[in-house]
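A look at the structure
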Amino acid sequence: QVQLVESGGGLVQPGGSLRLSCAASGRIFSINSMAWYRQAPGKQRELVAIILNGGGTNYADSVKGRFTISGDNAKNTVYLQMNSLKPEDTAVYYCNARIECSGYGCTGYYWGQGTQVTVSS
């Protein structure tokens, strides 16, 4: 099967930066898209940024100009560079990917385990 493993979360002061990584592993044929979602306490999970196989990207309005999503196809890895962080960015950040893979029922959407980002002074 397929696994998504995230890293890079932590505690940062307002105005600071963090870089999240998410690596996909398994019997992967291709990755159609990779995205970052976040979920703050008491709120619904929301899309932060997405990158498509062709390189196109899209961002939530709340992070435009501050966050950048990028991918390394050779490593099956997606990154989220987060700059000018605000307290309202505090959330658990989840990696999501649409993956074509070997095995019956394998192809589909996968989620990482989540990584905590806390922005506080």
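Anything mentioned here points back to the structure above.
Structure report, in brief. (Residues numbered from 1 in each chain as written. Predicted model: local features only at pLDDT ≥ 70, side-chain atom pairs only at ≥ 80, totals over all residues. Heavy atoms only, no water.)

**Overview of the state of the cysteines**
The condition that has to hold: Pairs of cysteine sulfur atoms within 2.5 Å are what we label disulfides. Secondary structure counts use DSSP, requiring at least four H or I residues in a row for a helix and at least two E residues in a row for a strand, with both numbered from the N terminus. Relative accessibility under 20% of the residue-type maximum defines a buried residue, over 50% an exposed one, and the middle range a partly exposed one, all with a 1.4 Å probe and only protein chains included.
Counting across every chain of the model gives 2 disulfides. Covalently, C22 is tied to C95 through a disulfide, its sulfur atoms 2.1 Å apart. On the S-S bond that ties C22 to C95, the torsion sits near -80°, and the link is left-handed. In this pair, C22 sits in strand β3 (residues 18-26) while C95 sits in strand β9 (residues 91-101), placing the two residues 73 residues apart along the sequence. Neither C22 nor C95 differs from the other in exposure class; each is buried. For C101, the disulfide goes to C106, at an S-S distance of 1.9 Å. The disulfide joining C101 to C106 has a torsion of about -115° about its S-S bond and is therefore left-handed. By relative accessible area, C101 is classed as buried at 5%. Residue classification places C106 among the buried positions, given a relative accessible area of 2%. Each bonded cysteine of the protein chain gets a number by its place in the sequence, and the pairs then read 1-2, 3-4.

**Description of the side chain of N96**
Heads up, the condition is: Throughout, a residue-residue contact means that at least one pair of heavy atoms, one from each residue, lies within 4.5 Å.
Relative to the helices and strands, N96 resides in strand β9. On the basis of relative accessibility, which here comes to 5%, the residue N96 falls in the buried class. Residues in contact with N96, not counting those within four places in the same chain, are L4, S33, M34, A35, Y37, Y109, Y110 and W111.

**Quick look at the sheet that holds strand β7 (residues 67-72)**
Spelled out, the test is: At least two bridges found by DSSP between two strands are what make those strands a pair. Helix axes are fitted to C-alpha atoms over the stretch in contact, other axes to C-alpha atoms as well, and angles between N-to-C directions run from 0 to 180 degrees.
One open sheet accounts for 4 strands, arranged β1-β3-β8-β7; its pairing is antiparallel. Since the sheet does not close on itself, it has two edges, and those belong to β1 (2-7) and β7, each with one partner. For this sheet, the mean angle separating the axes of adjacent strands, direction not counted, is 15°. Bridging between β1 and β3 involves 6 bridges; their strand directions are antiparallel.

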